[in-house]
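Single-letter residue listing:
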Amino acid sequence: MSDIDESQFFSFLRDRVAQRTKTEADAIGMDMSLADLGLQSIDAVLVCGEVEDRFGVEVDPADIFEHDTLGEFARAILKRAGA
Amino acid sequence: MALFHLGLSTSGHDPALAIVDADGKLVFAEATERFLQDKRAWGIAPDHVPHLEAALKQVGFDFGSDSLAVATSWKKIKAELPVELMGELLPVTDARWLRELHAGINTHAGASLLRLGIVQQMPEVRRYDHHLCHAATACAFAPVDTASCLIVDGEGEAGAVSMFDLRGRELQRRWRSWGPGSLGTLYAWLTQLCGFDWRLGEEWKVMGLAAYGTARPEIRDALVALLEVDEGRLRFADKERLADLVARIRQFARPADAPLMSAADLAASGQAAYAALADRILSGIADGSEGNLVLGGGCALNSSYNGTIAGRMPFDRLFVPPAPADDGNAVGAALLSWMETAKTSRVPALPATPYLGSVAGKDALARLENLSGIARVSDVSANSEDRVAALLAEGKIVGVMRGRAEFGPRALGNRSILADPRPADMKDRINRLVKGREPYRPFAPVLCEEDVADWFERAQPSPYMSITLHWREAMARQVPAVVHADGTGRLQTVSSSSAPWMHTLVRRFGERTGVPVVLNTSFNIMGKPIVHSVEDALAVFMTSGLDAVLIEDLLIEKTAAS
């Protein structure tokens, strides 16, 4: 597991969430909650899977629900990847 | 002062326990259903007190000085994940029910140690990833250092497929599937559509029925379209498309009052869809495997498909453990716990034996003499193989209970009903007199490993009855009772080292009849688990048409008066 480039990671997350919520990536703020994003729980789980696949960091399906915002989730994953 | 490792299968269905000793040796493994004689033992604690106590006694655990690490086969409690359940295929109530059982069992795992006085406080429990447990079990029974290990089931922690690389006996997950897309769920739904019940574990019936039908492209293709396979990961089609496909497929469902055979084409189409989807997963995972595939998870019980893998897909050899489904996870959890303590990442390679369960109780054995008033009891320790072979050759149906019980769903000679496969009516006789199974379901053959190529196409070893192969046509005619409607048999192969008694028995039967093949079915009656106690075995003997039972070295035959 290696360090993940932060901006690349954030942009990947925004893309994936945008695709699942059928919105523009620019409309996705890292300070938004799942509810703000309109992200269904099943789609949130699938996004976790895409993160695991793309960045090779182990993600738990519950991870994304344990943080208030997309940004907090992202930072937790970055921290784990760097650990 | 030894530390043992107790592995628990904590899915909520098919509980089981396994014990690994301080040296990493698997000394016990058994499903709870056997002890309780309650099929699948839904919701029962895998560390059910009397079962655990009996198991610990059998392995020589010292309650005064030894200690026990407890390990579960799930890391997380499913019910705590705030995800809406998918109700398009199976009823949401089933999923909710299962989640409740799962939560309770994982919460209380290890509590039995308090009752047994092994601990003073609720023990710390080691919790392992569900698919990692499957993989550890599957690889422990695979005698290779390098392989691709694929786990396919109903659901895991994140999804229903995980792919691991086994390298130098070390397991590393390469990828896993996320979300509800699942071959296990698909097959469970197919089971319902055919008019059976997945909760009763009736997926077998679909597989058996499939041989009577023809795969119809319109059904098969719609079933295949339910799932997208993206580099091995499974995803269900999106909601609208799924609803459309489900409606289309439901037209072919068998109504409760329709004849069974009206579902044969649906079953065949479903089996074909399963094969097409599994092929897509397998086709992308062979690199670095040295031709070895280790398969685990409940879907590894699909013996019809398993028999088609080696040589056709990019693998030369297939290894399926004796208990690939959730019961088997007890072994994986216990081994992972031992590995954690031993600070090793190498999965131990276990001896190739499924005979890991309980032995017949000594007291019960001593009481068997009391049967002499109503049955003929003989000590046949000098030549039990020959005596049983002689009875079989006379057309007798014989129950056998010898040694340790098999771990896993198959009777492999230690808790088996045996018969002569040559008479065409033997299948119906066993069903009428003993098993009460549906007439379309096949019985299995047991052969000596060295004979397999004489009898089957694409011969491969099958020590745990994990694969179905095509009989050679000329040979099939000699053993009609063990040939399925499509010319296949789900064989067990025995070697003189792994199953010496059965090997000798098959040889003796061959010498008497010229046909070294014996019919082997599980020692139970329909709807009940395989017999556990001597009394269970005797109950089946006395209330069925069994002609004789061999319990250890005592042959008990019905006399004319009884």
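The model shown is predicted, which means the values in this text are computed figures rather than measured ones. (Residues numbered from 1 in each chain as written. Chains lettered and ligands numbered in written order. Predicted model: local features only at pLDDT ≥ 70, side-chain atom pairs only at ≥ 80, totals over all residues.)

*Asks:* It is not clear to me how the overall build of chain B should be interpreted in this structure. Could you clarify?
*Replies:* Tallying secondary structure elements over chain B gives 19 helices and 22 strands in all. Computed over the C-alpha atoms, the radius of gyration of chain B is 23 Å, within 12% of the 24 Å expected from 2.2 N^0.38 for a compact globule of 562 residues. Each of the three principal axes of chain B carries a C-alpha extent, and together these read 65 × 60 × 45 Å. Counting all 562 residues of chain B, 53% fall into the buried class. Restricting to contacts in chain B with at least 6 residues of sequence separation, those with at least 24 account for 73%. (Helix = DSSP H or I, 4+ residues; strand = E, 2+ residues; numbered from the N terminus. Rg over C-alpha atoms; globule rule 2.2 N^0.38 Å. Buried ≥ 20, exposed ≤ 12 C-beta atoms within 10 Å, placed from the backbone. Contact = placed C-beta atoms within 7 Å.)

*Asks:* Help me understand the overall build of chain A, please; the structure alone is not making it clear to me.
*Replies:* What chain A contains, in helices and strands, is four helices and zero strands. Counting from the amino terminus, chain A carries its helices and strands in the arrangement α-α-α-α. Since a compact globule built from 83 residues should have a radius of gyration of about 12 Å, the 11 Å found for chain A is in line with a globular shape. Along the longest, intermediate and shortest principal axes, the C-alpha atoms of chain A span 30 × 25 × 20 Å. Looking at chain A as a whole, 30% of its 83 residues are labelled buried. Taking all contacts inside chain A whose residues are at least 6 apart in sequence as the whole, residues at least 24 apart take part in 51%.

*Asks:* Honestly, the environment of D221 of chain B in this entry has me stumped. Any pointers?
*Replies:* As for its placement among the helices and strands, D221 of chain B is situated in helix α8 (residues 217–225). Sequence spacing of D221 of chain B and A276 of chain B is 55 residues, and the spatial spacing of their C-alpha atoms is 9.5 Å.

*Asks:* What should I look at first to understand the pairing of strand β21 (residues 548–551) of chain B in this one?
*Replies:* Side-chain positions along a regular strand alternate between the two faces of the sheet. Residue and element names in this part refer to chain B. Side chains of β21 alternate between two faces, with A548 and L550 and V549 and I551 buried alike. Strand direction decides the pairing type here: strand β14 (residues 398–401) and β21, joined by four bridges, are parallel. Of the residues in β21, the one forming a bridge with M401 is I551. In this sheet, strand β22 (residues 554–558) lies alongside β21 in antiparallel orientation, the contact comprising four bridges. From the neighbouring strand, A548 faces β22, where its bridge partner is E557. (Pairing = 2+ DSSP bridges.)

*Asks:* Would you explain the domain arrangement of chain B in this entry?
*Replies:* It is common to report an interface's size as the accessible area lost on association of the parts. Residues and elements named next belong to chain B. Each assigned domain of chain B is listed here: domain 1 (3–132 + 326–342), domain 2 (142–319) and domain 3 (362–558). For domain 2 and domain 3, the distance between their C-alpha centres works out to 30 Å. Every contact between the two is made by twelve residues of domain 2 and, on the other side, 14 residues of domain 3. For the side of domain 2 that touches domain 3, the elements supplying multiple residues, two or more each, are α7 (203–210) and α11 (303–306). Taken together, the residues that form the side of domain 2 that touches domain 3 break down as five nonpolar, six polar and one charged. (Domains from an automatic or database assignment. Nonpolar A, V, L, I, M, F, W, Y, C, P; charged D, E, K, R; others polar.)

*Asks:* What exactly am I supposed to notice about the interface of chain A and chain B here?
*Replies:* Between chain A and chain B, the residue contacts involve eleven residues of the former and twelve residues of the latter. For the side of chain A that touches chain B, a count of residues per class yields seven nonpolar, two polar and two charged.

*Asks:* Teacher, can you tell me more about the nonpolar core here?
*Replies:* Membership of the largest hydrophobic core comes to 174 residues, with the highest contact counts inside it found for A18, C139, C149 and A334 of chain B. With eleven residues, helix α10 (residues 264–282) of chain B is the single largest residue contributor to this core. Those residues in contact with A18 of chain B, other than ones at most four positions away along the chain, are G7, L26, F28, A29, A330, V331 and A334 of chain B. Ranked by size, the runner-up nonpolar core spans 20 residues in total, among them L13, L34 and C48 of chain A together with A158 of chain B. (Core = buried A, V, L, I, M, F, W, Y, C linked by C-beta atoms within 7 Å.)

*Asks:* Would you mind showing me how to read the UniProt feature "domain: Carrier" (unreviewed entry) in chain A here?
*Replies:* Here the UniProt feature "domain: Carrier" (unreviewed entry) sits at residues 4–81 of chain A. For residues 4–81 of chain A, helix accounts for 60% and strand for 0%, while the C-alpha atoms at its two ends are 7 Å apart. (UniProt positions renumbered as here; feature names shortened; annotations may be inferred.)

*Asks:* How should the sheet that holds β14 of chain B be read in this particular structure?
*Replies:* The strands making up a sheet associate through backbone hydrogen bonding, with each pair oriented either parallel or antiparallel. Residues and elements named next belong to chain B. Taking strand neighbours across the sheet as the criterion, the eight strands line up as β13-β22-β21-β14-β15-β20-β16-β19 in an open arrangement whose pairing is mixed. A single partner strand is all that each edge strand has here, and the edge strands are β13 (375–379) and β19 (492–494). Along the sheet, successive strands turn relative to each other by an average axial angle of 25°, direction set aside. Bridge count for strand β16 (residues 444–448) against strand β20 (residues 517–522) is four bridges, and the pairing is antiparallel. Note that in β20 the partner of A444 across the bridge is N520. (Axes fitted to C-alpha atoms, helices over the stretch in contact; angles between N-to-C directions.)

*Asks:* It is not clear to me how helix α15 (residues 426–435) of chain B should be interpreted in this structure. Could you clarify?
*Replies:* Residues and elements named next belong to chain B. For α15, every residue scored as buried is listed here: M426, K427, I430, V434 and K435. Looking straight down α15, one finds its buried side chains confined to an arc of 100°; they lie on one side. Of the surrounding elements, those touching the buried residues of α15 are β15 (415–419) and β20. Looking at the residues trailing α15, positive phi occurs at G436, about 65°. (Arc of directions from axis to C-beta.)

*Asks:* Got a minute to help me understand the sheet that holds strand β6 (residues 147–152) of chain B in this structure?
*Replies:* All names here are of chain B. The strand order across the open sheet built from five strands is β8-β7-β6-β11-β12, with neighbouring strands paired in mixed fashion. The open sheet has two free edges, formed respectively by β8 (170–176) and β12 (317–319), since each of these has just one partner strand. If you compare each strand with its neighbour and ignore which way they point, the axes differ by 25° on average. Each of β6, β7 (161–167), β8 and β11 (292–296) touches helix α5 (residues 130–140); the most contacted strand, β11, lies at about 130° to it.

*Asks:* Quick question: what am I supposed to make of the confidence of the model for chain B here?
*Replies:* Close inspection of predicted coordinates is inappropriate in any region flagged by low pLDDT. Confidence in the prediction of chain B, expressed as mean pLDDT, is 96, and 100% of residues score 70 or more. The ipTM value of the predicted complex is 0.91, and its pTM value is 0.96. (pLDDT = per-residue confidence, 0-100.)

*Asks:* How should the packing of α5 of chain B against helix α12 (residues 329–342) of chain B be read in this particular structure?
*Replies:* When two helices pack together, their arrangement is captured by the angle between the axes and the distance separating the axes. Residue and element names in this part refer to chain B. At a closest axis distance of 7 Å, the pairing of α5 and α12 adopts a crossing angle of 90°. As summarised for this structure, α5 and α12 are arranged roughly perpendicular, according to the angle between their axes. Between α5, through L132, C133, H134, A136, T137 and A140, and α12, the contact on the second element is made entirely by N329, V331, G332, A333, L335 and L336. (Parallel < 35°, antiparallel > 145°, perpendicular 65-115°, else oblique.)

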